[in-house]
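In case you want the letters, here they are:
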Amino acid sequence: MGAQTTGDKIFNVVNTILMLLLCIVTLYPFLYVLFASLSEASSFIQHRGILWKPLGFNLEAYKAVFANPMITTGYRNTLLYVAGGTTINLFMTALGAYVLSRRNLYFKNMMMFGIVITMVFSGGLIPNFILINKLGMMNTPWALLIPGAISTFNLIIMRTAFQGVPISLEESARIDGAGEFTILFRIIIPLSMPVIAVMILWYAVGHWNSYFSALVYLRDRTMYPLQLVLREILIANSTDSMSTGAAMDDKYAIGETIKYATIIVSTLPIICLYPFLQKYFVKGVLIGAIKE
């Protein structure tokens, strides 16, 4: 390659500056929330404008968050919903994708049309509510796990990835006496691990961030996921029980820092999970999006 021209150097500098600005704009809201959660409540409530660092250093907001029994209960419930829901999602999606990826499947195009059309049309909230109620799943974890067991978009991605596995491997396995489940779990899935990793990330993030289904179908507060507890704290402004012992004038200020601390506590685990799956992300999406 030849030496860079003046235009190339200018382009690289401008491009680098724009990317740095984009990174700052993307990262700053998270840093603002972090700095606010670590700030002195009285100093933070009087501050206006951009926050470059914590105003003082105080962990009282985090102590109040972890002292709230609903946070602990919400964490436990959310971890159970994420683990159980993601397992169900992967199992059901893999089964559906494997069947739809078979080359000799009858009425495959008709079935795919029926599946894809659900991405455009749905029954709506009220029919779904009636269905869940009639099935006896109201106020149970199954109301959060079963209705969304398969995502149509994820099913299509995984089906395309399964179609990319060489047919010769399946034929060799059948000659050795392998059945459908053996082919799926011993050949197809191990060769599709980048896509599986992407599915784990997408489904896990979906369950972690989900609150609307719990808001509609759950009545028992001991079954609330973390995001529904967070919603109560942020929208219903229910921080009084977390700021007991403070003067009335200080409760509002402490309540504000508690809100930011709750956001950090509820988002940090899923942010920590992403770097471990990042290396599979682009590869998995490309494999599942392009049929070889």
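1. A closer look at the environment of I233
Working step 1: Here I233 lies in helix 13 (residues 226-234).
Working step 2: As for I233 and I263, which are separated by 30 residues in sequence, their C-alpha atoms are 9.8 Å apart.

2. Concerning the pattern of salt bridges
Working step 1: Enumeration according to the criterion identifies two salt bridges in this entry.
Working step 2: In this structure, the salt-bridge partner of R174 is E180, at a minimum N-O distance of 3.0 Å.
Working step 3: E180 sits in the partly exposed class, given a relative accessible area of 39%.

3. Side note on the packing of helix 5 (residues 108-116) against helix 8 (residues 152-163)
Working step 1: Between helix 5 and helix 8, the least distance of the axes is 10 Å, while the angle of their chain directions is 150°. Facing helix 5, whose interface residues are K108, M112, I115 and V116, helix 8 presents T152, L155, I156, R159 and Q163.

4. A closer look at the side chain of S39
Working step 1: Looking at the element boundaries, S39 is found in the loop between helix 1 (6-37) and helix 2 (41-46).
Working step 2: Polar contacts involving the side chain of S39 include one to the main-chain carbonyl oxygen of F35, which spans 2.6 Å.
Working step 3: With sequence-adjacent residues up to four places away left out, S39 is seen in contact with F44, L51, P54, L55, G56, N58 and T257.

5. Description of unusual backbone geometry
In terms of backbone geometry, most residues other than glycine have negative phi values and most peptide bonds are trans.
Working step 1: Positive phi values are uncommon outside glycine, yet F107 reaches one of about 55°.
Working step 2: Owing to a relative accessible area of 62%, F107 belongs among the exposed residues under this scheme.
Working step 3: Positive phi is not limited to glycine here, since N139 has a value of about 60°.
Working step 4: For N139, the position within the fold is in the loop between helix 6 (125-134) and helix 7 (142-145).
Working step 5: Among the residues examined, N139 registers a relative accessible area of 30% and is labelled partly exposed.

6. A look at the environment of T160
Working step 1: When you line up the elements, T160 lands in helix 8.
Working step 2: Judged by relative accessible area, T160 falls into the buried class, the value being 11%.
Working step 3: Here the alpha-carbon distance between T160 and A97, two residues 63 residues apart in the chain, equals 8.0 Å.

7. Observations regarding a nonpolar patch on the surface
Working step 1: Taken together, I10, V13, V14, I17, L18, L21 and I24 make up a surface patch of nonpolar side chains, about 650 Å² in accessible area.
Working step 2: Here I24 falls in the exposed class, since its relative accessible area comes to 52%.

8. Comments concerning the packing of aromatic side chains
Working step 1: In this structure the tally under the stated criterion is eight aromatic pairs.
Working step 2: Here the aromatic rings of Y32 and Y260 are separated by 6.1 Å at their centres, their planes lie at 75°, and the arrangement is edge-to-face. You can see Y32 sitting in helix 1 and its partner Y260 sitting in helix 14 (residues 248-289), a full 228 residues away along the chain.
Working step 3: Look at Y32 and you get partly exposed, because its relative accessible area is 23%.
Working step 4: Grouped by ring-pair contacts, the aromatic residues Y28, Y32, W52 and Y260 constitute a single cluster.

9. Description of the packing of helix 4 (residues 69-100) against helix 10 (residues 180-191)
When two helices pack together, their arrangement is given by the angle between their axes and by how far apart the axes lie.
Working step 1: Their axes nearest at 11 Å, the elements helix 4 and helix 10 cross at an angle of 105°. By the angle between their axes, helix 4 is roughly perpendicular relative to helix 10. Within the contact between the two elements, helix 4 uses F91, A94, L95 and Y98 and helix 10 uses E180, F181, I183, L184, F185, I188 and I189.
Working step 2: In terms of residue class, the contact of helix 4 with helix 10 is built from ten nonpolar, no polar and one charged.

Reading the values: rules and limits
- Residues numbered from 1 in each chain as written.
- Predicted model: local features only at pLDDT ≥ 70, side-chain atom pairs only at ≥ 80, totals over all residues.
- Heavy atoms only, no water.
- Helix = DSSP H or I, 4+ residues; strand = E, 2+ residues; numbered from the N terminus.
- Salt bridge = Lys/Arg side-chain N within 4 Å of Asp/Glu carboxyl O.
- Buried < 20%, exposed > 50% of the residue type's maximum accessible area, 1.4 Å probe, protein only.
- Axes fitted to C-alpha atoms, helices over the stretch in contact; angles between N-to-C directions.
- Contact = heavy atoms within 4.5 Å.
- Polar contact = N/O pair within 3.5 Å; in protein donor to acceptor, adjacent residues only side chain to side chain.
- Patch = residues over 30% accessible without salt bridge, like charges linked within 9 Å, V, L, I, M, F, W, Y side chains within 5 Å.
- Areas by Shrake-Rupley, 256 points an atom, 1.4 Å probe, with all protein chains shown as cover.
- Phe/Tyr/Trp six-rings, centres within 6.5 Å; stacked < 30°, edge-to-face > 60°.
- Parallel < 35°, antiparallel > 145°, perpendicular 65-115°, else oblique.
- Nonpolar A, V, L, I, M, F, W, Y, C, P; charged D, E, K, R; others polar.

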